[in-house]
Amino acid sequence: MDNGQINKFMNILAIETSHPKASLCLTLGEDIAYSTHWQAERNHDEHLFPALRHAFDALGDNPLDFILIGAGPGSYGGVRVALAAAVGIAAVKGAKTVAICSWLGLAPADTAIISDARRGGWALMHANGNIEVLTEDELKQQLNNGLIAATIETEDTMKRHGICVSAYGLQPTAENITRTWLSLSPAQQLQLQQTPPEPIYVRPPHITAAKRKPWEC
């Protein structure tokens, strides 16, 4: 691809599994060749691989240029399943794997996005793309100070916390991350290609130390 010009005719497989309602989209040039979604919860792999088989049928003998993965924030397990699948596909098809923030393009440019980060915290992606975790009181203070925000959560969930925002139930999708990718400048696309694909962690990942074996001193 010419780095001075965005190629609108790339063949792109996009996988979004950071959200319980997961999705997959294959775009050939400007046309969507295959698109599907499923309710995954904790069993993304059960649905992802049948969807990939249908996508490969639609791809046929066409080359595959990019595999886009929705990197979250969201389900670490879901994103890791998608990344593992992408590694195998990339090895066979010679495609490049790129991880993209799942929340990009879901709200107007001046709107932050928030989601329950559990353990009393709230993930907040500012309009500039920076992500931080706030306490509920800190989030409410920013909203009281004029922060414009939308959320992945349902309206009922937010009402239980006494938080009002401009829009509820934003849905990350595979089609959206494809649109996001195509809207980026060549320099932004190149930067993402050079960044190792991995999930977006709003907190440092918890790593469990291996237990000492009985035969070890």
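Residues numbered from 1 in each chain as written. Predicted model: local features only at pLDDT ≥ 70, side-chain atom pairs only at ≥ 80, totals over all residues. Heavy atoms only, no water.

1. Looking at the pattern of salt bridges
To keep things clear, this is the line we draw: The term salt bridge refers to a pairing of a side-chain nitrogen on Lys or Arg with a carboxyl oxygen on Asp or Glu at a separation within 4 Å. We call a residue buried when its accessible area falls under 20% of the maximum for its residue type, exposed when it is over 50%, and partly exposed in between, using a 1.4 Å probe and counting protein chains only. Counting from the N terminus, the helices are DSSP H or I runs at least four residues long and the strands are E runs at least two residues long.
Applying the stated rule across the entire model yields 4 salt bridges. Residues D116 and R118 are paired through a salt bridge, measuring 3.3 Å at the closest nitrogen-oxygen approach. By relative accessible area, which is 51% here, R118 ends up exposed. The partner of R179 in a salt bridge is E175, with the nearest N and O atoms 4.0 Å apart. In this pair, R179 and E175 both sit in helix α5 (residues 174-183), 4 residues apart, roughly one turn of the helix.

2. Let's talk about the pairing of strand β8 (residues 131-135)
Side chains on a regular strand alternate between the two faces of the sheet. We apply this condition: Two strands are said to pair when DSSP picks up at least two bridges between them.
Pairing of strand β7 (residues 121-125) with β8 involves 5 bridges; the strand directions are antiparallel. The residue bridging A123 from the neighbouring strand is V133, located in β8. Between the antiparallel neighbours β7 and β8 lie 5 residues, among them G129 with a positive phi of about 95 degrees.

3. Looking at the pairing of strand β3 (residues 31-39)
Of the strand pairs in this sheet, strand β2 (residues 21-28) and β3 are connected by 8 bridges, and their pairing is antiparallel. Bridge assignment links A22 to a residue of β3, and that residue is W38. Adjacent in sequence and paired antiparallel, β2 and β3 are bridged by 2 residues, among which G29 carries a positive phi angle near 65 degrees.

4. Remarks on the sheet that holds β7
We apply this condition: Only the stretch in contact is used when fitting a helix axis, every axis being a line fitted to C-alpha atoms; angles between N-to-C directions are given from 0 to 180 degrees. Contacts are assigned to residue pairs that have any heavy atoms within 4.5 Å of one another.
With respect to topology, 4 strands assemble into an open sheet ordered β8-β7-β6-β9, the strand pairing being mixed. Strands at the two margins of the open sheet, each flanked by one partner only, are β8 and β9 (149-151). For this sheet, the mean angle separating the axes of adjacent strands, direction not counted, is 35 degrees. Alignment of strand β6 (residues 112-118) against β7, held across 5 bridges, turns out to be antiparallel. Across the sheet, D116 pairs through a bridge with W122, a residue of β7. Along the sheet, helix α3 (residues 136-144) makes contact with β6, β7, β8 and β9, crossing β8 at roughly 110 degrees.

5. Overview of helix α2 (residues 76-93)
For the record, the criterion: One fewer than the residue count of a helix, multiplied by 1.5 Å, yields its expected span.
The end-to-end C-alpha separation of α2 is 25 Å, in line with the 26 Å expected for 18 residues at 1.5 Å each. Within two residues after α2, G94 carries a phi angle of roughly 70 degrees, on the positive side.

6. Describing the sheet that holds β2
The sheet built from 5 strands is open, its strands ordered β3-β2-β1-β4-β5 with mixed pairing. Among the strands making up the open sheet, the edge pair consists of β3 and β5 (96-100). When the angles between neighbouring strand axes are averaged without regard to direction, this sheet yields 15 degrees. Against the sheet, helix α6 (residues 186-193) engages β4 (66-70) and β5, with an angle of about 105 degrees to β5.

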